[in-house]
Amino acid sequence: MARMKFLCDAERCIECNACVTACKNEHEVPWGINRRRVVTLNDGKPGERSISMACMHCTDAPCMAVCPVDCFYKTAEGVVLHSKDLCIGCGYCFYACPFGAPQYPQVGNFGSRGKMDKCTFCAGGPEDDMTPAEYSKYGANRLAEGKLPLCAEMCSTKALLAGDGEIIADIYKERAVRRGYGSGAWGWSTAYKDKATT
Amino acid sequence: MSMNLGRIVRLLSLTLALFLLMPGVASFAQTPVPPGPNTLTGPDVSNDQLLLQQLQGNLHGRVSIPDQKSAMLIQPEGQDWRALRNGTLKTVSAVVLLGMIAALVVFYMVRGKIRIDAGPSRRRIQRFNGMERFAHWITAASFLVLAVTGLNLVFGRWLLIPLLGPEAFATMTVYGKLAHNFLSFPFVLGIVLMLLIWVRHNIPNGGDIAWIKVAGGLFSKGKHPPAKKFNAGQKLIFWMVVAGGGVVAASGYVLLFPFAVTDIAGMQLAHLVHAILSVLLIAGIISHIYIGSIGMEGAFDAMGSGEVDVNWAREHHSLWLEEELRKGKVKGPAAVRGVPAE
């Protein structure tokens, strides 16, 4: 079975934020929560690069390791998902995550954290696939429909790739060879202990 | 007409500005940005590392969403925090807490319950008034719940999920978190009250050295170093609870109000400080509970009824008793029974 991964080609990302918008719309993500974001480094300077970042669905996921109620699980395709029924909103996954992926609605006392929300690789949650219950908590389950994550699907420059890790790494390598350079598969060494370099 | 004029002015000023900035731009462009993947570092270095070098490790960029903290692209420190929380913290907590309990069990088996050497006199003297006991018990009660719900976050996943199942455990833990958040307030009230009421009795002085030298007579039967209202051991507990508890509370509030005070690195640090200090506090309080209950005859009365036996006071707080006797604050057996002696 394919091991699902994200890869953002920083040489191609033009910071249009379509991935962010697509994600918010596809999953009806509430105001204040961003499952995906585009970060621009070296903004306005030579060497400026933009990278679209979300949950990387790490191999050895730190969120999963530190969760005090053990609400995370990994699918057969390597997608890291969690149960909002179990989540207590403690924020530990946010402390541990290298990518700032976990998001929390501000609810309840002290404006503190509600149940965590994050990128699902468009794969829903523990509820039955494509049910209203699943949609209301986790958004669409495109993987169950045989589709890939919408953010990557509609990336205009194909900077953001999502899918079988080996295939997207090959695509990236071919690009880097063809153009002679590449700034690297962002976060891959952190998320997958893997370089995917040229 | 005026719009055209405005446009011309703007165009002119832009040209001028560009012209003036030219030297600056030129010097900026001189900063070498290697176009190829490995021109700087050789073939063995990943491209991640290369760009990291270019950015000199600063992965803080710019985002166009309101959440400015999300401008941090990657924070590798999370891995350190994970290692400390899942490894060091758990090990240290288990060793400290089990070690303390084991030490107390051994102490009880060797030393037994510390009796009043002279036996109970049935004459009683007030040691703690209502306000003092209120301050003590509001701290104690909230601390117990805070400790249990806090330990649940460290060990619950490994100890309780196998017993209760994930759903029941998550429900319990979410209420535990609520209790932990809310009971912090009475806990802080308690330590503030205790600080105000007792701080003047807890300033270390020369007498404490003598007390520490004989370990308070804990390990030697019949040895009772003189002490005022609080002996050196109690002073230690006092400062541990007031100062340690104060830092634990402060670090807890940093976590309770995410990003209100500090950034993610600050919150990781606050969590570790909170957890480690709490475990030390819990261990200290276990010994405090032991000596105040099954460990010593007559000790519980001080915080129970507030009145202690005069012989107990003579053995453990001789200087304080003398002071109180001079003030004539001792109650005879008659007063205890409420029947006048014949």
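Residues numbered from 1 in each chain as written. Chains lettered and ligands numbered in written order. Predicted model: local features only at pLDDT ≥ 70, side-chain atom pairs only at ≥ 80, totals over all residues.

As for the overall build of chain A
Selection criterion: Each helix is a run of DSSP H or I of at least 4 residues and each strand a run of E of at least 2, with the numbering of both proceeding from the N terminus. Burial is judged by counting other C-beta atoms within 10 Å of a residue's own C-beta: 20 or more means buried, 12 or fewer means exposed, and anything between counts as partly exposed, with every C-beta placed from the backbone. What counts as a contact here is a pair of residues whose C-beta atoms, placed from the backbone, lie within 7 Å.
Scanning chain A from terminus to terminus reveals seven helices and six strands. Ordered by position from the N terminus, the helices and strands of chain A form the series β-α-β-β-α-β-β-α-α-α-β-α-α. Oriented by its inertia axes, the alpha-carbon framework of chain A measures out at about 50 × 40 × 30 Å. When each of the 198 residues of chain A is scored for burial, the buried share is 53%. Expressed as a percentage of contacts within chain A between residues at least 6 apart in sequence, the contacts between residues at least 24 apart total 56%.

Remarks on the overall build of chain B
When you go through chain B residue by residue, the secondary structure sums to 13 helices and three strands. When the 342 residues of chain B are sorted by exposure, 25% land in the buried category.

Quick word on the environment of Trp312 of chain B
Residue and element names in this part refer to chain B. Along the chain, Trp312 turns up in helix α11 (residues 310-316). On the neighbour-count criterion, Trp312 (25 C-beta atoms within 10 Å) is buried. Dropping the residues within four chain positions of it, Trp312 is found in contact with Ile116 and Gly298.

Notes on the pairing of strand β1 (residues 4-8) of chain A
When a strand is regular, its side chains alternate between the sheet's two faces. Residue and element names in this part refer to chain A. The criterion, for reference: Paired strands, as defined in this entry, are two strands with at least two bridges between them according to DSSP.
Of all five residues in β1, five are buried; the element is thus mostly enclosed. On β1, burial covers both faces: Met4, Phe6 and Cys8 on one face and Lys5 and Leu7 on the other are all buried. Pairing of β1 with strand β6 (residues 160-164) involves five bridges; the strand directions are antiparallel. By the bridge assignment, Lys5 is partnered in β6 with Gly163.

Examining the nonpolar core
Put simply, the rule reads: Note on terminology: a nonpolar core is any set of buried Ala, Val, Leu, Ile, Met, Phe, Trp, Tyr and Cys residues joined through C-beta atoms within 7 Å.
If you look at the biggest cluster of nonpolar residues, it comprises 76 residues, and the most contacted ones within it are Cys8, Cys63, Cys93 and Leu160 of chain A. The dominant element in this core, judged by the number of residues it contributes, is helix α3 (residues 92-96) of chain A, at five residues. Ignoring anything within four residues of it in the chain, the contact list for Leu160 of chain A reads Phe6, Cys8, Cys19, Ser52, Cys151, Ala152 and Cys155 of chain A. Formed by 14 residues, the second largest nonpolar core is a distinct cluster that contains Ala135, Phe187, Leu281 and Ile285 of chain B.

A short note on the environment of Thr262 of chain B
All names here are of chain B. Residue placement: Thr262 occurs in the loop between α8 (232-256) and α9 (264-292). Distance in space between the C-alpha atoms of Thr262 and Arg124 is 52 Å, their sequence separation being 138 residues. Apart from residues lying up to four places away in sequence, Thr262 is in contact with Val254, Met267 and Ala270.

Notes on the packing of helix α6 (residues 166-198) of chain B against α8 of chain B
Residue and element names in this part refer to chain B. What counts is decided by this rule: In this analysis an axis means a line fitted to C-alpha atoms, helices contributing only their contacting stretch, and an angle means the value between N-to-C directions, from 0 to 180 degrees. Less than a right angle of anticlockwise turn of the near helix away from the far helix marks a crossing as left-handed, whereas a clockwise turn marks it as right-handed. In the scheme used here, Gly and all other residues not listed as nonpolar or charged are polar, with Ala, Val, Leu, Ile, Met, Phe, Trp, Tyr, Cys and Pro taken as nonpolar and Asp, Glu, Lys and Arg as charged.
Viewed as axis vectors pointing N to C, α6 and α8 meet at an angle of 150°, and their least axial separation amounts to 10 Å. Along this stretch, α6 crosses α8, giving a crossing that reads as left-handed. Here α6 contributes Asn181, Ser184, Phe187, Val188, Ile191, Met194, Leu195 and Trp198 to the contact with α8, which in turn contributes Phe238, Val241, Val242, Gly245, Gly246, Ala249, Gly252 and Leu256. Grouping the constituent residues of the contact of α6 with α8 by class yields 11 nonpolar, five polar and no charged.

Some thoughts on the packing of α8 of chain B against α9 of chain B
Residue and element names in this part refer to chain B. To be explicit about the condition: For classification, angles of less than 35 degrees are called roughly parallel, those exceeding 145 degrees roughly antiparallel, those between 65 and 115 degrees roughly perpendicular, and all remaining angles oblique.
Put simply, α8 and α9 touch, their axes get as near as 8 Å, and they point 150° apart. When the interaxial angle is binned, α8 and α9 end up roughly antiparallel. Seen along the crossing, α8 lies across α9 with a hand that is left-handed. Residues Ile237, Met240, Gly244, Gly245, Val247, Val248, Ser251, Gly252, Val254 and Leu255 of α8 touch α9, and the partners they reach there are Gly266, Met267, Ala270, His271, Val273, His274, Leu277, Ser278, Leu280, Leu281, Gly284 and His288.

Quick word on the environment of Gly165 of chain A
Residue and element names in this part refer to chain A. With respect to the element layout, Gly165 can be found in helix α6 (residues 165-179). On the basis of neighbour count, Gly165 is assigned to the buried category, with 24 C-beta atoms found within 10 Å. The spatial distance from the C-alpha of Gly165 to the C-alpha of Cys8 is 12 Å, given a sequence separation of 157 residues. With near-sequence residues (within four places) excluded, Gly165 lies in contact with Arg3, Met4 and Lys5.

Some points on helix α4 (residues 130-159) of chain B
Count 3.6 residues to each turn of an α-helix, and residues three or four apart come out pointing the same way. Filter applied, for reference: To obtain the bend at a residue, axes are fitted to the seven residues ending there and to the seven starting there, and the angle between these axes is taken.
At Leu153 of chain B, α4 of chain B shows its maximal kink, close to 55°. Looking at the buried positions of α4 of chain B, the neighbouring elements they touch are α5 (161-164), α6, α9 and α10 (300-303) of chain B.

Some words on unusual backbone geometry
Residue and element names in this part refer to chain A. With a phi angle near 50°, Glu28 is a residue other than glycine that sits in the positive phi range. Tracing the sequence through the fold places Glu28 in the loop between α1 (18-27) and β2 (36-41). Accessibility expressed as a C-beta count within 10 Å gives 10 for Glu28, which makes it exposed.

Let's talk about the confidence of the model for chain B
All names here are of chain B. Put simply, the rule is: A residue's pLDDT is the predictor's confidence in that residue, given on a scale from 0 to 100.
Overall, the predicted model of chain B reaches an average pLDDT of 84, with 80% of residues at or above 70. Contacts for the low-pLDDT stretch residues 18-46, under 50 throughout, to residues beyond four places or in other chains number 30 contacts. Every residue in residues 334-342 is under pLDDT 50, and counting partners more than four places away or in other chains gives six contacts. Under the prediction, the complex receives an ipTM of 0.89, its pTM being 0.84.

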